[in-house]
Amino acid sequence: MKNKQIILVAVIAIIAIGFYMLSQEPETGIDTSNDNVETRVLNLNLGSEPPSLHPGLASDTTSGSVLRQIFEGLATLDSNSNIILGSAESYTISDDGLVYTFRIRDNASWSNGDTLRAQDFEYAWKWVLTPQNNANYSYQLYPIKNAQAFFEGNATEDELGIRSIDDKTLEITLEAPISYFMELLSFYTYFPINANVTSANPSWAADSGPNYVSNGPFQLVSWSHNNKIELEKNENYWNADQVNLNQISMLMVNDENTNLQMFRTNEIDWAGSPLNPTLPSEAIPSLKESNELITHTIAGTYWVIFNTEKPPFDNENLRKALAYSMNRNTIIENILQAGQIPAMANVPPTIFPENTQGYFSDNNLDEAKRYLALALEELGLESVDQLPTIEYAFNTNESHRKIAQALQDIWRSQLGLNVTLENFEWKVYIDRVRSGDHVIGRMGWIGDFNDAINFLELYEDKEGGNNFAKWENQEFQDLLESSRTEVDADRRKEILKQAEMIMMEEMPVAPLYFYTYSWIKSPDLQGVIVGPLGQFILREAYFQ
């Protein structure tokens, strides 16, 4: 009897323990034994420190890759790369195509809980157009009525075509109808900034902390400079319920081989474009063979830029000699190996299809030597040996280094030029070329919007923030200005082709290749948006 009682007590105890264990099971149905949407961190590598996380000051892809996660404009991209509304819920366009009126979403907020207002857009855009703020992309707002005149001191603030009708209604008046204005509104220079926070804390964007306020799907929670950026889901984002990731970690390791190794050891979930560094060129064939490589054609051009204000590259014929001698096909086949297109034009063939042929022949040594002889004559030199040593600068990246070495070899062996190479970290490099402290350097341009003028207006004004060639031409300027008011699409294209022809004749920059983006990613990472202009958006990303 006593044994039966012991057995009965044991059975009751086991049943009680079972009920207790069942009561501790997760009610959500999430499998806590594996990584999942709720807990897994998305790990990325930016490659380098972003020069600025202020939307009005940023002008590079590294900064843009962060800003597109933590801010949102009136418009954005969907998963099919179509332009859709972002922070705006609706808009109207006047019959003449000049006046856009946007209604800001009622539930759109800043990460600190402040209501997103039309005044935040007005404040941000006027900030960019204030010359003292040194915004390199101020010209991106020139389609707005009197924006350029205001920037140049020839119009008052009241004459600008930017007006907050009330807290939720923004009216924008343009200089002329343009087909790509909605695309512009998705670009980071058009992002809002919190007027209250910024006016109280002018250096709000220098670091993470309570002053760094944004309105996108994620928010900046830590910024260890030159090391790591951490983002978290912004619970105050108007569409936060549809944001899957809770945390994003962005490292800054600027070495291609280390980057690939980090991917192989599951330290990062993405390697390659649109992020830096790019994939090692020697790894491309095997990645193609294993079907891991994803390749995406984009509107972008890789240039060699000449500082046209510094001798001897104030000489047009010397610039053309170097440009014509380049062996683009060899560089693509032996170094890049990812389907890039040799560029003998400035505007990508995604915009001007005829530019697959361009304005001259690749590796045209006869013409290159003819231009070199003309340059020596104009410079009053008897031989190429009398030219100074040419310094070619590039930012830290293995592909850039290999391209620089290939060009150095071509220019030495084919033209007899003495070329040395200089390597700098990205932030140092961009500061140097922006200030004109270079002779020749490399630069890439990914379109901000899908129109030829975006690749041409960079060189409209030698004082422009992204005119690293320090070149300008009055006829070129007149053509661009004419294109801005031309409503006939065919005529406008012809005007822009004439402008491009002037550039190719004077050669302030030598196009090398048209971009493709190539990357590999964790197989279970889904929903990342890579747009036709290299936009990298994680709003809909998730782990399967």
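For clarity, every value in this text was computed on a predicted model and none was experimentally measured.

The next subject is the overall build of the protein. Secondary structure assignment for the protein yields 16 helices and 21 strands. Relative to the compact-globule value of 24 Å for 544 residues, the protein shows a C-alpha radius of gyration of 27 Å, a close match. Taken over the C-alpha atoms alone, the protein extends approximately 120 × 55 × 40 Å along its principal axes. Looking at the protein as a whole, 55% of its 544 residues qualify as buried. Contacts in the protein between residues at least 24 apart in sequence constitute 68% of all its contacts with a sequence separation of at least 6. On the protein, roughly 22,900 Å² of surface is accessible, and the fraction owed to carbon and sulfur atoms is 47%. Between the averaged position of the 37 positive side-chain charges in the protein and that of its 75 negative side-chain charges there is a distance of 4 Å.

With that settled, consider the pattern of salt bridges. For side chains of opposite charge, pairing can occur when their charged atoms come near one another. One pass over the full model with this rule turns up 27 salt bridges. For Glu171, the salt bridge goes to Arg163, with nearest N and O atoms at 3.2 Å. Classification of Glu171 by relative accessible area gives buried; the value is 19%. Taking relative accessible area as the criterion, Arg163 reaches 44% and is therefore assigned partly exposed. Put simply, Arg484 and Glu457 hold a salt bridge, and the shortest N to O gap is 3.1 Å. With Arg484 in the loop between helix H15 (474-483) and helix H16 (489-506) and Glu457 in the loop between helix H14 (453-456) and H15, this residue pair connects regions lying 27 residues apart in the sequence. You can call Glu457 buried: its relative accessible area is 9%. The network of salt bridges with shared partners includes Glu354, Lys493, Lys497 and Glu500.

By volume, the largest pocket is sized at about 480 Å³. Classifying every residue of the lining of the largest pocket gives six nonpolar, seven polar and nine charged. Reported here for the second largest pocket is a volume of approximately 270 Å³. If you trace the second largest pocket, you find 17 residues lining it, with Tyr142, Pro143, Glu175, Glu481 and Arg484 closest to the centre.

If you walk across this open sheet you meet the four strands as S1-S10-S9-S8, and the pairing is mixed. Only two strands of the sheet have a single neighbouring strand rather than two, namely strand S1 (42-45) and strand S8 (218-224). Across the sheet, the mean angle separating the axes of adjacent strands is 20 degrees when strand polarity is ignored. As paired elements, S8 and strand S9 (residues 228-233) share six bridges and run antiparallel to each other. Across the sheet, the residue bridging to Phe218 is Lys233, located in S9. Docked against the sheet, helix H2 (residues 61-70) engages S8, S9 and strand S10 (247-251), running at close to 140 degrees with respect to S8.

The next subject is empty space enclosed by the protein. As enumerated under the stated definition, the model contains two cavities of 30 Å³ or more in all. Lining the second largest cavity we find 18 residues, and of these Arg68, Thr76, Ser186, Phe191 and Ile537 sit closest to its centre. For the lining of the second largest cavity, the element with the highest residue contribution is strand S2 (residues 75-77), accounting for three residues.

Calculation notes
- Residues numbered from 1 in each chain as written.
- Predicted model: local features only at pLDDT ≥ 70, side-chain atom pairs only at ≥ 80, totals over all residues.
- Heavy atoms only, no water.
- Helix = DSSP H or I, 4+ residues; strand = E, 2+ residues; numbered from the N terminus.
- Rg over C-alpha atoms; globule rule 2.2 N^0.38 Å.
- Buried < 20%, exposed > 50% of the residue type's maximum accessible area, 1.4 Å probe, protein only.
- Contact = heavy atoms within 4.5 Å.
- Areas by Shrake-Rupley, 256 points an atom, 1.4 Å probe, with all protein chains shown as cover.
- Lys, Arg positive; Asp, Glu negative; His and termini not counted.
- Charge placed at Lys NZ, Arg CZ, Asp CG, Glu CD.
- Salt bridge = Lys/Arg side-chain N within 4 Å of Asp/Glu carboxyl O.
- 1 Å grid on protein atoms, 1.4 Å probe; cavity = no way out; pocket = protein on both sides within 12 Å on 5 of 7 lines; lining within 4 Å.
- Points joined across faces, edges and corners; volume = space filled by probe spheres on them.
- Nonpolar A, V, L, I, M, F, W, Y, C, P; charged D, E, K, R; others polar.
- Pairing = 2+ DSSP bridges.
- Axes fitted to C-alpha atoms, helices over the stretch in contact; angles between N-to-C directions.

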